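Read off the chains here:
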Amino acid sequence: MPEPRTVALVTLGCARNEVDSEELAGRLAADGWQLVDDASEADVAVVNTCGFVDAAKKDSVDALLEANDLKNQGRTQAVVAVGCMAERYGKELADALPEADGVLGFDDYADISDRLQTILSGGVHAPHTPRDRRKLLPISPAQRQGAAGVALPGHGQADEAAADGGATATEFTQAPADLPDGVAPASGPRAPLRRRLDAGPVASVKLASGCDRRCTFCAIPSFRGSFISRRPSDVLGETRWLAEQGVREVMLVSENNTSYGKDLGDIRLLETLLPELAAADGIERVRVSYLQPAEMRPGLIDVLTSTPGVVPYFDLSFQHSAPAVLRAMRRFGDTDRFLDLLDTIRSKAPEAGVRSNFIVGFPGETEEDLAELERFLTSARLDAIGVFGYSDEDGTEAATYDGKLDDDVVAARLARVSRLAEELTAQRAEERVGSTVRVLVESVDEETGEVVGRADHQAPETDGQVVLTVEGGWWEPAPGAFVTARVTGTEGVDLIAEPLAVEEGGPQVPVAADDAAEPVGAAVPAQPAEAVAR
């Protein structure tokens with residue numbers, strides 16, 4: 001009997017790409033491929049690329065070249081590019097990078113096994129010529145559901161059991177909420193077409209794909225397409241399946257979560273879905289990312305700040321706060337409106353976590369505009385801040401603008417605002433000293449015993465973390481445990497905290513500690529995330 005074909009998936013970029021990779025893994029595992037972690041041990045190395053900004057594209061090219069080097073060292077026979085950069089550039093990327101044995105677009109995902117087998121056998125799969133994927137779906141959102149022939153990575157469902165470790169196709173037929181008139185609930189088994197590549201206690205779930213906004217600096221809609229929501233029953237089914245795999249926190253991702261449901265006939269569908277997700281057995285924390293400030297509505301703020309199990313976390317895409325710059329970006333708002341939004345959020349959840357990204361050096365940005373952004377940052381008390389220097393992106397409106405700033409000016413402004421952001425987020429972390437936080441343990445260093453996790457206000461990878469310490473004792477919960485802890489110090493945006501208690505029902509290792517009035521490791525009932533944060 002021949003050995004199974006082996007494949008390694010190397011993922012770059014955002015959490016949305018991670019979901020796409022796990023769908024590809026599910027498809028390949030279902031067709032008999034063996035998934036391996038090390039690309040040097042794989043017959044085929046598949047690199048899921050990022051195509052957002054120049055730095056990400058460079059990282060993707062470097063990863064492809066590094067994988068290509070393995071063809072001369074181990075068993076690796078082929079290197080294949082997938083993902084956003086592959087979709088965005090297609091044939092152009094294939095011509096510029098002959099080291100890649102194949103460049104596959106989103107339309108190839110459903111046939112990924114056949115595509116890889118063709119390439120592995122020495123055949124050639126012609127790379128696609130890129131097209132504007134916004135034109136593949138109807139202009140009217142209400143007409144998009146069920147559109148035939150449109151690839152939506154990360155939306156995959158399988159009517160049969162997922163192969164080799166996947167979920168059985170049961171219990172995934174119940175829609176979590178009343179759907180609008182004309183939208184029928186899903187029928188039949190709806191198991192996710194997904195295979196986990198990471199055994200950690202946190203996983204992302206794709207809520208939607210694409211974006212209908214037309215920000216002048218962003219190329220994502222052209223290669224990800226127009227906005228389309230996943231069915232609520234599919235989102236709930238995937239969340240339940242992840243819980244069966246040991247996941248305790250799910251993060252909802254898309255290009256714009258605040259638009260969820262508009263193509264299903266109800267823009268408030270997210271408010272109905274969130275409590276259902278939080279009630280899934282085994283899921284202790286639900287987090288929502290990628291929120292548009294212009295689309296925030298009172299009902300959504302209420303659900304995000306008051307639903308047990310849904311953390312009060314706001315990943316708000318501000319991008320700037322000077323009105324002239326925002327209008328040039330085709331965005332809305334200003335410093336005072338943004339501050340009012342933050343005041344509304346914190347009036348309902350004083351310890352809510354807030355993060356955002358900002359672009360400096362946008363064409364036409366003046367010193368006064370930059371000062372206005374600094375005024376906003378100084379007042380906003382954000383927990384995490386990402387700052388990027390503007391650069392032209394192929395096919396975007398901003399690339400055609402006059403008033404471009406010199407590269408050295410953009411670099412200087414980037415350094416200036418980045419320094420301010422570092423100072424402000426460190427100050428915000430210091431404000432949390434003395435507070436009590438609920439921490440999900442994610443890793444335990446086997447050599448040092450250091451325990452690291454995240455509080456409710458910290459998203460995976462993009463934000464800070466919590467380091468748990470015990471004076472005079474040894475303490476080692478298993479990843480996936482929830483711990484109540486008191487913040488005692490900070491290191492930049494990271495918090496140092498003293499564990500007070502481990503919640504019952506989660507994985508944990510016996511604790512040895514000095515005598516204390518409130519011993520570490522005492523079991524306490526699970527509490528809503530916001531109850532501890534406050």
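Position numbers for residues start from 1 in each chain and track the written sequence from start to end. Note on the predicted model: pLDDT of at least 70 is required for a residue's local features to be given, and 80 or more for side-chain atom pairs to be given and counted; whole-chain, interface and lining totals, by contrast, use all residues. Processing note: side-chain calculations cover all non-hydrogen atoms of the structure and skip hydrogens and water entirely.

J.: Any chance you could break down the UniProt feature "binding site: [4Fe-4S] cluster 1" (unreviewed entry) in the protein chain for me, citing the residues and the numbers?
T.: UniProt positions are given in the numbering used here, feature names are shortened, and annotations may be inferred rather than shown by experiment. With numbering matched to this structure, UniProt assigns "binding site: [4Fe-4S] cluster 1" (unreviewed entry) to Cys-14, Cys-50 and Cys-84. Across 71 residues, the annotated set stays spatially compact, with a maximum C-alpha separation of 10.6 Å. Counting from the N terminus, the helices are DSSP H or I runs at least four residues long and the strands are E runs at least two residues long. Relative to the helices and strands, Cys-14 is located in the loop between β1 (6–11) and α1 (15–30). Accessibility expressed as a relative area gives 13% for Cys-50, which makes it buried. Those residues in contact with Cys-50, other than ones at most four positions away along the chain, are Leu-12, Gly-13, Asn-17, Ala-56, Lys-57, Ser-60, Cys-84 and Met-85. Note on classification: 1.4 Å probe, protein chains only; a residue is buried when its accessible area is under 20% of the maximum for its type, exposed when over 50%, partly exposed between these limits. In this description, contact between two residues means that some pair of their heavy atoms is separated by no more than 4.5 Å.

J.: Give me the lowdown on the pattern of salt bridges, citing residues and values where you can.
T.: Any Lys or Arg side-chain nitrogen found within 4 Å of a carboxyl oxygen on Asp or Glu counts as a salt bridge. This model, assessed by the stated rule, comprises 49 salt bridges. Residue Arg-413 is joined to Glu-367 by a salt bridge in which the shortest nitrogen-to-oxygen separation is 3.7 Å. A residue pair is termed long-range when its members are at least 10 positions apart, and Arg-413 in helix α13 (residues 407–431) and Glu-367 in helix α12 (residues 367–380) qualify at 46 residues. Since its relative accessible area comes to 42%, Glu-367 is described here as partly exposed. Here Glu-367 ties to Arg-416 by a salt bridge, and the two come within 3.2 Å at their closest N and O atoms. Here Glu-367, found in helix α12, pairs with Arg-416, found in helix α13; they are 49 residues apart in sequence, far enough to count as distant. For Arg-416, a relative accessible area of 29% corresponds to the partly exposed category. When salt bridges that share partners are traced, they join Glu-249, Arg-285, Arg-287, Glu-442, Arg-454 and Asp-456 into one network.

J.: So, the packing of helix α7 (residues 232–244) against helix α8 (residues 269–278): which residues are in play, and what are the values?
T.: As a rule, the C-alpha atoms of each element are fitted with a line to give its axis, helices using only the stretch in contact, and angles between N-to-C directions run from 0 to 180 degrees. Here α7 crosses α8 at 25°, and the two axes come no closer than 10 Å. On the basis of the axis angle, α7 is roughly parallel to α8. Here α7 and α8 pass one another in a crossing that is right-handed. For the pair formed by α7 and α8, the contact residues are Pro-232, Val-235, Leu-236 and Thr-239 on the first element and Leu-269, Leu-273, Glu-276 and Leu-277 on the second. Looking at the contact of α7 with α8 residue by residue, the classes come out as 6 nonpolar, 1 polar and 1 charged. Roughly parallel means an angle under 35 degrees; roughly antiparallel, over 145; roughly perpendicular, 65 to 115; everything else is oblique. Helix crossings get a hand from a simple test, with the near helix turned counterclockwise from the far one by less than a right angle marking a left-handed crossing and a clockwise turn marking a right-handed one. Classes in brief: Ala, Val, Leu, Ile, Met, Phe, Trp, Tyr, Cys and Pro nonpolar; Asp, Glu, Lys and Arg charged; the others, Gly included, polar.

J.: Help me get a handle on the packing of aromatic side chains, residues and values and all.
T.: Think of it this way: a Phe, Tyr or Trp ring, Trp meaning its six-membered ring, pairs with another when their centres are within 6.5 Å, and the plane angle makes it stacked under 30 degrees, edge-to-face over 60, tilted otherwise. Under the definition given, this model contains 8 aromatic pairs. In this structure an aromatic cluster arises from ring pairing among Phe-318, Phe-338, Phe-358 and Phe-376. Think of it as a cone above the ring: NZ of Lys or CZ of Arg counts as a charge over the ring if it is within 6 Å of the ring centre and within 35 degrees of the ring normal. Positioned over the ring face of Tyr-290 is Arg-16, at 4.6 Å from the centre of the ring. Between Arg-287 and the ring centre of Tyr-313, over which it is positioned, the NZ or CZ distance is 4.7 Å.

J.: Hey, could you go over the sheet that holds strand β3 (residues 44–49) for me, with residue numbers and the actual values?
T.: Pairing between two strands is assigned when DSSP locates at least 2 bridges connecting them. Across the sheet, 5 strands lie side by side as β2-β1-β3-β4-β5; this open sheet has parallel pairing. On the outer flanks of this sheet lie β2 (34–35) and β5 (102–103), each paired with one strand and no other. The strands touched by α1 are β1, β2, β3 and β4 (78–82); relative to β1, the strand with the most contacts, the crossing angle is about 170°.

J.: Describe the sheet that holds strand β14 (residues 353–360), naming the residues involved and giving the relevant values.
T.: With respect to topology, 3 strands assemble into an open sheet ordered β13-β14-β15, the strand pairing being parallel. The open sheet is flanked by β13 (313–315) and β15 (384–389), the only strands paired with a single partner. Pairwise comparison of adjacent strand axes, ignoring direction, gives a mean angle of 10° for this sheet. Note: β14 against β15, 6 bridges, orientation parallel. Its bridge partner being in β15, Arg-355 is matched across the sheet by Ala-384.

J.: A description of a negative patch on the surface should follow, citing residues and the corresponding values.
T.: Patches here: salt-bridge-free residues with over 30% relative accessible area, like charges joined within 9 Å, nonpolar side chains (Val, Leu, Ile, Met, Phe, Trp, Tyr) joined within 5 Å. Here, Shrake-Rupley sampling with a 1.4 Å probe gives the accessible areas, and only protein chains in the shown set may cover a residue. When charges are tallied, Lys and Arg are placed among the positive residues and Asp and Glu among the negative ones, while His and the ends of the chain are skipped. Charge positions come from single atoms, namely NZ of Lys, CZ of Arg, CG of Asp or CD of Glu. A contiguous patch of negative charge, built from Asp-445, Glu-446, Glu-447, Glu-450 and Glu-491, is present on the exposed surface. For Glu-446, the position within the fold is in the loop between β16 (436–444) and β17 (451–454).

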